[in-house]
Amino acid sequence: MKLLEGKVAVVTGAGGGIGRDFALAFAAAGAAVVVNDIGASVHGEGRDAGPAEKVAAEIRAAGGEAVSSTDSVADWESANRIVKSAVDSFGKVDIVVNNAGILRDRFFFNMSVEEWRAVIDVHLNGSFYVARAAAPYFKSQQSGAYVHMTSTSGLVGNLGQANYSAAKLGIVGLSKSIALDMQRYNVRSNCIAPFAWSRMIGSIPTETDDQKARVEKLKSMETAKIAPLAVFLASEKAFDVTGQIFAVRANEIFLMSQNRPLRSVHRAEGWTAEAIASHALPALRAHFYPLERSQDVFSWDPL
Ligand SMILES: NC(=O)c1ccc[n+]([C@@H]2O[C@H](COP(=O)([O-])OP(=O)(O)OC[C@H]3O[C@@H](n4cnc5c(N)ncnc54)[C@H](O)[C@@H]3O)[C@@H](O)[C@H]2O)c1
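First, a word on scope: everything that follows refers to the structure included in this document. Being a predicted model, the structure only gives us computed values, none of them experimental.

Cut-off values and rules
Residues numbered from 1 in each chain as written. Predicted model: local features only at pLDDT ≥ 70, side-chain atom pairs only at ≥ 80, totals over all residues. Heavy atoms only, no water. Phe/Tyr/Trp six-rings, centres within 6.5 Å; stacked < 30°, edge-to-face > 60°. Buried < 20%, exposed > 50% of the residue type's maximum accessible area, 1.4 Å probe, protein only. Lys NZ or Arg CZ within 6 Å of the ring centre and 35° of its normal. Salt bridge = Lys/Arg side-chain N within 4 Å of Asp/Glu carboxyl O. Helix = DSSP H or I, 4+ residues; strand = E, 2+ residues; numbered from the N terminus. Axes fitted to C-alpha atoms, helices over the stretch in contact; angles between N-to-C directions. Parallel < 35°, antiparallel > 145°, perpendicular 65-115°, else oblique. Left-handed = near helix turned anticlockwise from the far one by under 90°. Contact = heavy atoms within 4.5 Å. Polar contact = N/O pair within 3.5 Å; in protein donor to acceptor, adjacent residues only side chain to side chain. Core = buried A, V, L, I, M, F, W, Y, C linked by side-chain atoms within 4.5 Å. Near = heavy atom within 4 Å. Areas by Shrake-Rupley, 256 points an atom, 1.4 Å probe, with all protein chains shown as cover. Nonpolar A, V, L, I, M, F, W, Y, C, P; charged D, E, K, R; others polar. Pairing = 2+ DSSP bridges.

**Digging into the packing of aromatic side chains**
- Overall, the coordinates contain nine aromatic pairs when judged by the stated rule.
- Consider the rings of Phe138 and Tyr146, whose centres lie 4.8 Å apart with planes at 50°: the pair is tilted. Of the two residues, Phe138 and Tyr146, both sit in the buried class.
- Three or more aromatic residues joined by ring pairs form one cluster here, namely Phe195, Phe254, Phe298 and Trp300.
- Across the ring face of Phe195, the terminal group of Arg249 is positioned such that the distance to the ring centre comes to 5.8 Å.
- One Lys or Arg, Arg249, reaches over the ring of Trp300 and ends 5.0 Å from the middle of that ring.

Here it is as structure tokens:
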């Protein structure tokens, strides 16, 4: 028996990149798949029904079950249509993968409100809309699995991505809240922070030999390497895995930390600003985090 036999999965942003490999892997594992994608540019502009239908056709040609959906995740009504398409086509929904994404990179001091909103709408609002649309089905059938895509841009940090980092860290909070609120209905919710060579990171400039060498190494982070973890998390094998954050980079899988108190200081008579400076700070400073970016923490070549 295949791992996802009899399951119905919705994968958003599945017309290309990581999402396409999710859709193919879910279908190969026995799931019927709604391949959702608006077919936008990496900045979220334009629409093309081609990519979603192409992936759905690829699955059907391989003997699997799939339908395409070209509704946007970034709107409540259309997000509901994505989930409804699973129920209409396959009678139910068991798995939701919030993978659709766009980038509008800009240094914070130059970022426009439009650039902020566009990214928050697709990533954070879109993840809420699609997850929320599926929640009544998960609740009534007393089962379901969510997988949300986060990023080390949010978990660690990155330059020029205030909109994206905020959205991706927001998704972590959303996932944890879903895990807590829906545990009573046997519903699980987890996050994956992927590293993969897709069009999203394919725009890195390659002018110098160093840059060319670095990009060649990044190409080993194949999009298909993320899919096995998503299939596992969506399956019954992960029955006791919820509220977690994983990262995947080529052949490495990481369990990421979650915020907990690191160090506390107590002063019976209470604190003044001066006492914080002279007494609390020396104790706390030793535990400060450096102002690091994702690439400073994941500082070795992909394996
Ligand atoms: N590639 C990486 O290294 C990396 C790193 C961290 C996080 N991620 C996350 O992984 C996910 C997949 O990214 P990818 O690298 O495969 O990028 P990608 O650009 O290849 O795929 C994203 C897909 O989402 C679709 N999409 C955009 N807006 C949509 C909308 N409103 N409704 C439905 N579909 C929409 C696009 O058309 C595209 O096919 C994203 O959430 C991204 O933020 C990727």
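**Brief notes about the pattern of salt bridges**
- Within the structure shown, the criterion is met by 14 salt bridges.
- A salt bridge links Arg20 to Glu58; the nearest nitrogen and oxygen atoms lie 2.7 Å apart. Of the two residues, Arg20 is situated in helix H1 (residues 17-28) and Glu58 in helix H2 (residues 50-61); the sequence distance between them amounts to 38 residues.
- Here Arg20 falls in the partly exposed class, since its relative accessible area comes to 26%.
- For Glu58, a relative accessible area of 33% puts it in the partly exposed group.
- Of the charged contacts, one joins Arg104 and Glu45 as a salt bridge, the two residues approaching to 3.9 Å between their closest N and O atoms. Residue Arg104 is located in the loop between strand S4 (95-98) and helix H4 (113-141), and its partner Glu45 is located in the loop between strand S2 (32-36) and H2; the two are separated by 59 residues in the primary sequence.

**Considerations on the packing of H1 against helix H8 (residues 227-234)**
- Closest axis-to-axis distance for the H1/H8 pair is 9 Å, and the angle between their directions is 55°. The angle between H1 and H8 falls in the class oblique. The two elements H1 and H8 cross, and the hand of that crossing is right-handed. In this structure, H1 contributes Asp21, Phe22, Ala25 and Phe26 to the contact, and H8 contributes Ala227, Ala230, Val231 and Ala234.

**Some words on the environment of Thr242**
- Checked against the element boundaries, Thr242 lands in the loop between H8 and strand S7 (245-249).
- Measuring from C-alpha to C-alpha, the distance between Thr242 and Ser175 comes to 9.0 Å, with 67 residues separating the pair along the chain.
- The contact partners of Thr242, leaving out residues within four places of it in the chain, are Ala179, Val187, Arg188, Ser189 and Asn190.
- One polar contact links the side chain of Thr242 to the main-chain amide nitrogen of Ser189, over a distance of 3.0 Å.

**Remarks on the nonpolar core**
- Within the largest apolar cluster, 35 residues are counted, with the highest numbers of intra-cluster contacts made by Phe22, Phe26, Val33, Val35 and Ile192.
- Broken down by secondary-structure element, the contributors of at least two residues to this core are strand S1 (8-11), H1, S2, H2, S4, strand S5 (144-149), H8 and S7.
- With six residues, the single largest contributor to this core is H8.
- The contacts of Phe26, once residues within four sequence positions are left out, are Leu4, Ala9, Ala31, Val33, Ile95, Val97, Ala230, Val231 and Ala234.

**Quick word on the site of the ligand**
- What surrounds the ligand is a group of 27 residues, the closest being Ile18, Asp37, Asn99, Tyr164 and Ser198.
- Ile18 places a polar main-chain atom, nitrogen or oxygen, 2.8 Å from an oxygen atom of the ligand.
- When the ligand is considered free in solution it has 820 Å² of accessible area, and contact with the protein chains removes 96% of it.
- Contributing elements (two or more residues each) for the shell around the ligand: H1, H4, helix H6 (162-182) and strand S6 (187-195).
- Grouping the constituent residues of the shell around the ligand by class yields 13 nonpolar, eleven polar and three charged.

**A short note on the sheet that holds strand S3 (residues 66-69)**
- Spatial ordering of the open sheet is given by S3-S2-S1-S4-S5-S6-S7-S8, a layout of eight strands whose pairing is mixed. In the strand order of this sheet, the two ends are held by S3 and strand S8 (252-255), each with one partner. The sheet shows a mean angle of 20° between the axes of neighbouring strands, taken without regard to direction.
- Inspection of the sheet shows S6 paired to S7 by five bridges, in the parallel sense. Across the sheet, Cys191 pairs through a bridge with Ile245, a residue of S7.
- Here helix H3 (residues 76-90) sits on the sheet in contact with S1, S2 and S3, set at roughly 145° to S2.

**Section: the side chain of Gln161**
- Mapping Gln161 onto the fold places it in the loop between helix H5 (152-155) and H6.
- In this structure Gln161 comes out as buried when scored by relative accessible area, which is 7%.
- Here the side chain of Gln161 touches Asn158 through a polar contact of 3.2 Å, side chain to side chain.
- The residues touching Gln161, leaving out its near neighbours within four places in the chain, are Leu103, Asp105, Arg106, Ser153 and Ala166.

**Topic: unusual backbone geometry**
- At Asn186, a position not held by glycine, the phi torsion is positive, near 65°.
- Structurally, the position occupied by Asn186 is in the loop between H6 and S6.
- Given the relative accessible area of 48%, Asn186 is considered partly exposed.
- The backbone of Ala250 shows a phi angle near 50°, a positive value even though the residue is not glycine.
- As for its placement among the helices and strands, Ala250 is situated in the loop between S7 and S8.
- For Ala250, a relative accessible area of 6% corresponds to the buried category.

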